[in-house]
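Read off the chains here:
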Amino acid sequence: MTLLVDEKGRVAKMYDADHWLLPLSKRVYVIIDQHMNIIYKKDMGFALLPDQTQTLTEEIYRNIK
């Protein structure tokens, strides 16, 4: 999910993606399973995850049971 509007920062704070100083969110990749458990979380600050599609797909397949 990409957050485009989170004016009060509630969702960003929930996933520890809010920046401590600037009024914007960090880039945090989160995969949540069917039971709402976080199975993968990677905080990239403001950078992109290298090979993001491959990395995220591998994590999803690794956690399918």
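What you are looking at is a predicted structure, and each value in this text was computed from that prediction instead of being measured.

Conventions and cut-offs
- Residues numbered from 1 in each chain as written.
- Predicted model: local features only at pLDDT ≥ 70, side-chain atom pairs only at ≥ 80, totals over all residues.
- Heavy atoms only, no water.
- Pairing = 2+ DSSP bridges.
- Helix = DSSP H or I, 4+ residues; strand = E, 2+ residues; numbered from the N terminus.
- Salt bridge = Lys/Arg side-chain N within 4 Å of Asp/Glu carboxyl O.
- Buried < 20%, exposed > 50% of the residue type's maximum accessible area, 1.4 Å probe, protein only.
- Core = buried A, V, L, I, M, F, W, Y, C linked by side-chain atoms within 4.5 Å.
- Contact = heavy atoms within 4.5 Å.

Asker: Sorry, what's going on with the pairing of strand β2 (residues 38-43) here?
Answerer: On a regular strand, each side chain points to the face opposite its neighbour's, so the side chains alternate between the two faces of the sheet. Bridge count between strand β1 (residues 28-32) and β2: five bridges; the pairing is antiparallel. Looking at β2, one finds that V30 is bridged to K41. Connecting β1 to the antiparallel partner β2 that follows it, the hairpin turn spans five residues, and M36 within it adopts a positive phi of roughly 70°.

Asker: Mind showing me how you'd approach the pattern of salt bridges here?
Answerer: A side chain of one charge can pair with a side chain of the opposite charge if their charged atoms are brought near each other. Per the stated rule, a full pass over the model turns up two salt bridges. The closest approach of N and O atoms between K26 and D43, which form a salt bridge, is 2.9 Å. With K26 in the loop between α1 (10-14) and β1 and D43 in strand β2, the pair connects residues that are 17 residues apart, well separated along the chain. When the shortest N-O distance is used, the salt bridge between E59 and R62 registers 2.8 Å. Placement of both E59 and R62 in helix α2 (residues 52-63) is noted, with a separation of three residues, approximately one turn of the helix. R62 gets classed as exposed once you look at its relative accessible area, which sits at 57%.

Asker: Just checking my understanding: could you explain the nonpolar core for this structure?
Answerer: Residues Y29, I31, Y40, M44 and L49 constitute the largest nonpolar core, which totals five residues. In this structure I31 touches N37, I38, I39, Y40, L56, E59 and I60, once residues within four positions along its chain are discounted.

Taken by themselves, the reported measurements are silent on function.
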